[in-house]
Amino acid sequence: MFGPYNIPFRIECNDILIEAINEDDITIYRRKFGNDTIEKKLLATNRKIIISPIKPINRPKKLTPHLLIEFETPLFTEPRSNKKIYLKFPVEIGLFIMGGKSFELLDVFTIMNQKYTLYGDPINGVLCKYWKSPVENNRPEIDLLTHGIMELSITNKSSTWLEVSKVVFNSYGMKMYYNQQFICLKAEMKIYTELSAETDFIDSALEKKMTKSVELYNAKKLQLTTTKFVMRDGI
Amino acid sequence: MIFDQKIYGDITVLDLLISIGVFIIVIIITNRISVYIRRAFKEKMTKDHLELIVKIVTYTIMIIVVLSILGNLGLNPSGLLVAGGVAGLVVGFASQSLFSNLISGLFLIVERPIKIGDQVEINDIRGFVEDIRIISTTLRTYDGLYVRIPNQLVFTTSVINFVSNIVRRVTYVVGIRYSDDADRAIEIIKYVADQEALALKNPVPRAFVDNFGDNSVNINVWIWAPASVYYELKMKLLLEIKKALEAEGIEIAFPQRVVWFGKELENEEEVR
């Protein structure tokens with residue numbers, strides 16, 4: 001489903017219908033998912049629409065750039081160790097209209113249930129998009145339209161055993177890659193104490209010849225100095 | 001020529017007109033600069049920070065230009081301060097309130113208890129902060145009224161900022177009938193909260209029997225929401241809770257009174 005499409009086109013996949021048709025000098029774009037229907041008229045014809053997985057922070061509202069993933073099973077990490085685990089993370093589907101070299105977001109939707117949570121306390125805490133994921137040793141099976149696979153490298157830099165039950169990311173640094181089988185990204189978590197850790201994304205795919213997803217919010221464009229997140233309220 | 005006519009000292013009418021012209025041009029340029037700054041940084045910083053930067057740039061340019069123009073007109077600003085000492089005292093006393101508003105405005109900008117766009121309550125007036133100026137703060141009330149509050153009042157009165165913290169608690173009291181299953185009602189309320197995206201997972205939503213009212217068992221419901229969508233959630237969720245409870249046969253109780261008639265009792269006793 002992901003990739004560029006020349007207008008006109010029509011896609012029906014599970015309960016999703018996406019179509020863009022030419023009518024005279026305009027293009028009519030329609031998207032249906034359940035009771036959620038959207039129609040837009042584009043003052044252009046014969047353009048391309050790119051369907052791409054995007055960061056899961058836009059629906060139902062763009063309230064926060066942070067993503068908290070809670071582990072279904074807590075992990076114990078041994079002192080001064082590094083292990084890789086695999087998590088599932090939610091994705092949203094973005095549709096971008098292309099004209100020349102520029103593109104603009106036309107529509108974004110998700111078929112996943114949405115939830116927010118607070119990391120930390122109500123005064124100094126951080127609002128996060130919430131997701132609960134199983135922890136796997138190998139790449140889990142996923143539904144391409146709903147989930148991606150995150151390869152998370154966990155480094156325990158402390159000298160004690162530590163329990164990890166969640167990880168929080170700043171999604172501005174999120175670099176997703178996709179092909180027709182799965183969506184993926186790489187991330188790292190450096191644990192310093194039982195209360196603090198640092199997380200970041202790594203701009204790399206799990207396999208060769210994967211396509212980089214379109215970035216709706218680019219850290220460089222937003223002039224952010226860092227894409228890391230420092231967890232200070234527990235791990 | 002009228003332009004060469006001297007007003008005072010060596011300053012001619014032409015000098016005065018040039019100064020006025022320069023002042024007008026600078027105002028236009030300053031406006032253009034502020035529009036450019038707003039456009040360039042709109043997506044890169046909050047409205048509040050942006051407005052602060054615009055104000056600093058605008059006031060700095062205006063102060064420099066005014067001082068330059070005064071210099072060109074042969075007026076030494078420092079000399080003016082000394083010469084106008086007595087007059088300044090008189091004006092100072094007269095404008096005491098203006099001065100305290102100005103100082104309060106500066107402290108408000110530095111301390112920042114409120115920001116542009118925040119939802120606040122100041123002196124029993126609720127609304128959105130539209131602007132924080134040097135002398136006054138303007139609010140747009142929820143019913144769309146423009147309210148100007150002197151900064152001295154903002155600084156000295158208690159201010160409630162509804163969105164200063166990132167999250168806020170929605171509280172309901174749901175009264176169900178005594179004949180209904182309170183445990184089931186609590187279960188349903190928690191389920192409704194769990195299904196709602198804007199109801200936070202953590203802090204955990206709570207529902208518990210708070211008291212036995214005259215007409216109902218009162219269940220307190222505490223649900224945390226992002227502060228920016230507090231009212232949206234508050235308006236939406238209560239109706240959903242009512243619908244979900246009613247779908248399970250649990251009804252919201254209303255005041256009722258059972259009246260016993262003495263005559264009826266007597267009749268019943270006679271029948272017996």
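Placed above this text is the structure.
Computed from a prediction, not measured in an experiment: that's the story for all the values here.

When you go through chain A residue by residue, the secondary structure sums to zero helices and 19 strands. Computed over its C-alpha atoms, the radius of gyration of chain A comes to 19 Å, within 12% of the 18 Å expected for a compact globule of 235 residues. Taken along the three principal axes of its C-alpha coordinates, chain A extends 70 × 40 × 35 Å. The buried share of chain A, taken over its 235 residues, is 54%. When contacts within chain A are restricted to residue pairs at least 6 apart in sequence, those whose partners lie at least 24 apart make up 72%. Of the charged side chains in chain A, 33 are positive and 28 negative, and the gap between their average positions amounts to 5 Å.

This part covers the interface of chain B and chain A. With 21 residues of chain B at the interface, the matching set in chain A holds 16 residues. Across the chain B/chain A interface, buried area totals approximately 1,500 Å², and carbon plus sulfur atoms make up 62% of it. Considering only the side of chain B, the residues that lose the most area to chain A are B:I166, B:A197 and B:K201, jointly responsible for 32% of the buried surface there. The interface formed by chain B and chain A holds one salt bridge in total. Between B:E232 and A:K61 there is a salt bridge, and its shortest N-O distance comes to 2.6 Å. Counting across the interface, chain B meets chain A through nine residue pairs in polar contact (both at pLDDT 80 or more). Those elements giving two or more residues to the side of chain B that touches chain A turn out to be helix 7 (182-195) and strand 10 (217-226) of chain B.

Residues and elements named next belong to chain B. Helix length check: helix 2 (residues 47-72) (26 residues) gives 37 Å between terminal C-alpha atoms against 38 Å at 1.5 Å per residue, within 8%. Listed in full, the buried residues belonging to helix 2 are D48, L50, E51, V54, K55, M62, V65 and I69. Buried residues belonging to helix 2 abut helix 1 (13-41) and strand 4 (125-132). G74 occupies a position one or two residues after helix 2 and carries a positive phi of about 80°.

Once that is clear, we can look at the packing of aromatic side chains. This structure, assessed with the given rule, holds 11 aromatic pairs over all chains. Judged by centre distance (5.7 Å) and plane angle (90°), the rings of A:F96 and A:F103 are edge-to-face. Among the aromatic residues, those joined into a ring-pair cluster are B:F128, B:Y142, B:Y230 and B:Y231. The ring centre of B:Y230 lies 3.6 Å from the NZ or CZ of B:R168, which sits over that ring. One Lys or Arg, B:R169, reaches over the ring of B:W222 and ends 4.0 Å from the middle of that ring.

A few words on the state of the cysteines. Under the definition given, this model contains zero disulfides over all chains. No disulfide involves A:C184; its nearest neighbouring cysteine sulfur is the one of A:C13, lying 19 Å away.

What follows deals with the pairing of strand 11 (residues 116-119) of chain A. Residue and element names in this part refer to chain A. On strand 11, burial covers both faces: Y116 and L118 on one face and T117 and Y119 on the other are all buried. Where strand 11 and strand 12 (residues 126-133) come together, four bridges link them in antiparallel fashion. The partner of Y119 across the bridge, within strand 12, is V126. Where strand 11 folds back onto strand 12 in an antiparallel hairpin, the turn is made up of six residues, including G120, whose phi is positive at roughly 100°.

What follows deals with the pattern of salt bridges. One pass over the structure, following the stated rule, counts 26 salt bridges over all chains. A:K84 is the salt-bridge partner of A:E151, the closest N and O atoms lying 3.7 Å from each other. Placement of the pair is A:E151 in strand 13 (residues 147-156) and A:K84 in strand 8 (residues 81-90), with a sequence separation of 67 residues. The buried category is assigned to A:E151, whose relative accessible area is 10%. With a shortest N-O distance of 3.0 Å, B:R38 and B:E51 are connected by a salt bridge. One end of the pair, B:R38, is in helix 1; the other, B:E51, is in helix 2, with 13 residues separating them in the sequence. When its relative accessible area of 13% is taken as the criterion, B:E51 is described as buried. It is possible to trace a salt-bridge network through shared partners that takes in A:R10, A:E12, A:E19, A:R30 and A:E39.

Glancing now at the environment of A:F71. Residues and elements named next belong to chain A. Among the structural elements, F71 can be located in strand 7 (residues 66-77). When the C-alpha positions of F71 and S165 are compared, they lie 5.2 Å apart, and in sequence the two are 94 residues distant. Excluding residues that lie within four positions of it along the chain, F71 makes contacts with I85, L87, K132, S133, V135, L152, V164, S165, K166 and V167.

Moving on to a nonpolar patch on the surface. Taken together, the side chains of B:I2, B:F3, B:I7, B:Y8, B:L14, B:L16, B:L17, B:I18, B:I20, B:V22, B:I24 and B:I28 present a nonpolar region at the surface, about 1,000 Å² in accessible area. A relative accessible area of 47% means that B:I18 is categorised as partly exposed.

This part is about the sheet that holds strand 5 (residues 36-42) of chain A. Residues and elements named next belong to chain A. With antiparallel pairing, the four strands of this open sheet are ordered in space as 2-3-4-5. For this open sheet the edge positions go to strand 2 (9-13) and strand 5, each flanked by a neighbour on one side alone. Averaged over all neighbouring strand pairs, the angle between strand axes comes to 10°, with direction disregarded. Where strand 4 (residues 26-33) meets strand 5, seven bridges bridge the pair, whose relative direction is antiparallel. Bridging across to strand 5, T27 finds its partner in L42.

Definitions and cut-offs
Residues numbered from 1 in each chain as written. Chains lettered and ligands numbered in written order. Predicted model: local features only at pLDDT ≥ 70, side-chain atom pairs only at ≥ 80, totals over all residues. Heavy atoms only, no water. Helix = DSSP H or I, 4+ residues; strand = E, 2+ residues; numbered from the N terminus. Rg over C-alpha atoms; globule rule 2.2 N^0.38 Å. Buried < 20%, exposed > 50% of the residue type's maximum accessible area, 1.4 Å probe, protein only. Contact = heavy atoms within 4.5 Å. Lys, Arg positive; Asp, Glu negative; His and termini not counted. Charge placed at Lys NZ, Arg CZ, Asp CG, Glu CD. Buried area = accessible area lost by both parts, 1.4 Å probe. Salt bridge = Lys/Arg side-chain N within 4 Å of Asp/Glu carboxyl O. Polar contact = N/O pair within 3.5 Å; in protein donor to acceptor, adjacent residues only side chain to side chain. Expected span 1.5 Å × (residues − 1). Phe/Tyr/Trp six-rings, centres within 6.5 Å; stacked < 30°, edge-to-face > 60°. Lys NZ or Arg CZ within 6 Å of the ring centre and 35° of its normal. Disulfide = S-S within 2.5 Å. Pairing = 2+ DSSP bridges. Patch = residues over 30% accessible without salt bridge, like charges linked within 9 Å, V, L, I, M, F, W, Y side chains within 5 Å. Areas by Shrake-Rupley, 256 points an atom, 1.4 Å probe, with all protein chains shown as cover. Axes fitted to C-alpha atoms, helices over the stretch in contact; angles between N-to-C directions.

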